[in-house]
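Commentary on secondary and tertiary structure
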Amino acid sequence: MTVEITSPEELRELLGAPMPRSLAKERTVLHERDRQWLAASPFCLVATAGADGSCDVSPKGDPAGFVQVLDERTIAVPERPGNRRADGYRNILDNPHVGLIFLIPGRTDTLRINGRARLVRDAPWFDRMVVKGHRPVLAVEVTVEQIFYHCAKAFLRAELWRPETWRPEALPPRPRLVKEVETPAESLADLERHYGPDYLKTLYA
């Protein structure tokens with residue numbers, strides 16, 4: 001029998017009270033260590049939700065330090081060429097609340113930032129976001145409302161950074177997955193060319 005949780009009180013009774021330290025660690029202003037973390041991070045996840053509640057989590061990656069710190073309460077994440085779905089960006093237009101998790105490879109803790117976002121199509125600081133000649137066509141500017149470091153337990157349980165646990169061969173390569181799951185008109189050979197060496201040429205084009 002499935003037993004559903006239907007109230008905050010029931011959830012709290014099941015999980016128990018949060019540790020005081022986990023509540024006290026929340027901040028609203030960037031510390032110098034936060035700036036250093038952002039300067040060392042090459043990857044983040046951006047979570048958004050539309051007005052209708054539909055959700056999206058988008059990965060963002062670039063050379064370490066790609067996220068710009070504009071002031072003690074504002075950061076900016078550049079857009080790079082992608083699939084043009086813009087799911088998260090459409091959500092931001094409807095609902096500015098966003099959540100971001102910043103990773104540093106090999107670290108099991110993460111930096112979390114929650115705040116309010118807006119889409120910016122140009123600003124003087126865009127010039128600092130140029131990578132391999134590519135100047136972003138837009139950026140997500142986030143006003144920090146909550147910032148804290150997240151514990152390492154999920155990464156430790158997953159053994160995420162232990163290469164001996166990695167099994168990339170557990171599923172077929174991306175071209176085969178696309179052909180089997182998305183059933184595109186392109187042949188498997190065409191997909192293998194697209195996701196092969198040519199794919200790297202499109203990272204900033």
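A short tour of the structure in this document, coming up.

**Quick notes on the overall build of the protein**
- When helices and strands are tallied, the protein shows eight helices and seven strands.
- Here the C-alpha coordinates of the protein stretch approximately 55 × 55 × 40 Å along the principal axes.
- Expressed as a percentage of its 205 residues, the buried residues of the protein come to 31%.
- For the protein, long-range pairs separated by at least 24 residues make up 63% of all intrachain contacts whose partners lie at least 6 apart in sequence.
- Taken as a whole, the protein presents about 13600 Å² of accessible surface, with 56% of it coming from carbon and sulfur.
- Each charge sign in the protein was given a centre, from 29 positive and 29 negative side chains, and these centres are 4 Å apart.

**A closer look at the pairing of strand β2 (residues 55-61)**
- Of the two faces of β2, the one holding Asp56, Ser58 and Lys60 is buried and the one holding Cys55, Val57, Pro59 and Gly61 is not buried anywhere.
- Connecting strand β1 (residues 43-49) to the next strand, β2, in antiparallel fashion are five residues, including Gly53 with a positive phi near 90 degrees.

**Things to note about the pattern of salt bridges**
- Taken as a whole and judged by the stated rule, the model has 15 salt bridges.
- Residues Glu79 and Lys60 are paired through a salt bridge, measuring 3.5 Å at the closest nitrogen-oxygen approach. Here Glu79 is found in the loop between β4 (74-78) and α4 (87-94), whereas its partner Lys60 is found in strand β2, with 19 residues between them in sequence.
- Among the residues examined, Lys60 registers a relative accessible area of 15% and is labelled buried.
- A salt bridge links Arg135 to Asp122, with the nearest nitrogen and oxygen atoms 3.1 Å apart. Here the residue Arg135 occupies a position in the loop between β6 (110-120) and β7 (139-150), and Asp122 occupies one in the loop between β6 and β7, the gap between them amounting to 13 residues.
- Judged by its relative accessible area of 33%, Arg135 is partly exposed.
- Through salt bridges that share partners, Arg85, Asp87 and Arg90 make up one connected network.

**Some thoughts on the state of the cysteines**
- Tallying each qualifying case throughout the model produces zero disulfides.
- With no disulfide of its own, Cys44 has Cys55 as its nearest cysteine by sulfur position, at a separation of 17 Å.

**Describing the sheet that holds strand β5 (residues 97-103)**
- Spatially, seven strands are ordered β2-β1-β5-β6-β7-β4-β3 in an open sheet, and the strand pairing comes out antiparallel. Edge positions in the sheet fall to β2 and β3 (68-71), since each of these pairs with one other strand and no more. For this sheet, the mean angle separating the axes of adjacent strands, direction not counted, is 35 degrees.
- In terms of strand pairing, β6 meets β7 through 11 bridges, oriented antiparallel. Pairing of Asn114 across the sheet is with Gln146, part of β7.

**Brief notes about α4**
- All of the buried residues in α4 are Gly88, Tyr89, Asn91 and Ile92. Viewed along the axis of α4, the buried residues span an arc of 155 degrees, placing them on a single side of the element. Relative to its buried face, α4 has exposed residues pointing more than 90 degrees away, namely Leu93 and Asp94.
- On its buried side, α4 packs onto β1, β2, β5, β6 and β7.

**A few points about the packing of aromatic side chains**
- Per the stated rule, a full pass over the model turns up four aromatic pairs.
- Aromatic side chains Trp125 and Phe126 sit 5.1 Å apart centroid to centroid with 45 degrees between the ring planes, which places their arrangement in the tilted category. Of the two residues, Trp125 and Phe126, neither departs from the other in class, the shared state being buried.

About the criteria used
Residues numbered from 1 in each chain as written. Predicted model: local features only at pLDDT ≥ 70, side-chain atom pairs only at ≥ 80, totals over all residues. Heavy atoms only, no water. Helix = DSSP H or I, 4+ residues; strand = E, 2+ residues; numbered from the N terminus. Buried < 20%, exposed > 50% of the residue type's maximum accessible area, 1.4 Å probe, protein only. Contact = heavy atoms within 4.5 Å. Areas by Shrake-Rupley, 256 points an atom, 1.4 Å probe, with all protein chains shown as cover. Lys, Arg positive; Asp, Glu negative; His and termini not counted. Charge placed at Lys NZ, Arg CZ, Asp CG, Glu CD. Pairing = 2+ DSSP bridges. Salt bridge = Lys/Arg side-chain N within 4 Å of Asp/Glu carboxyl O. Disulfide = S-S within 2.5 Å. Axes fitted to C-alpha atoms, helices over the stretch in contact; angles between N-to-C directions. Arc of directions from axis to C-beta. Phe/Tyr/Trp six-rings, centres within 6.5 Å; stacked < 30°, edge-to-face > 60°.

As far as function goes, none of this settles anything; it's purely spatial.
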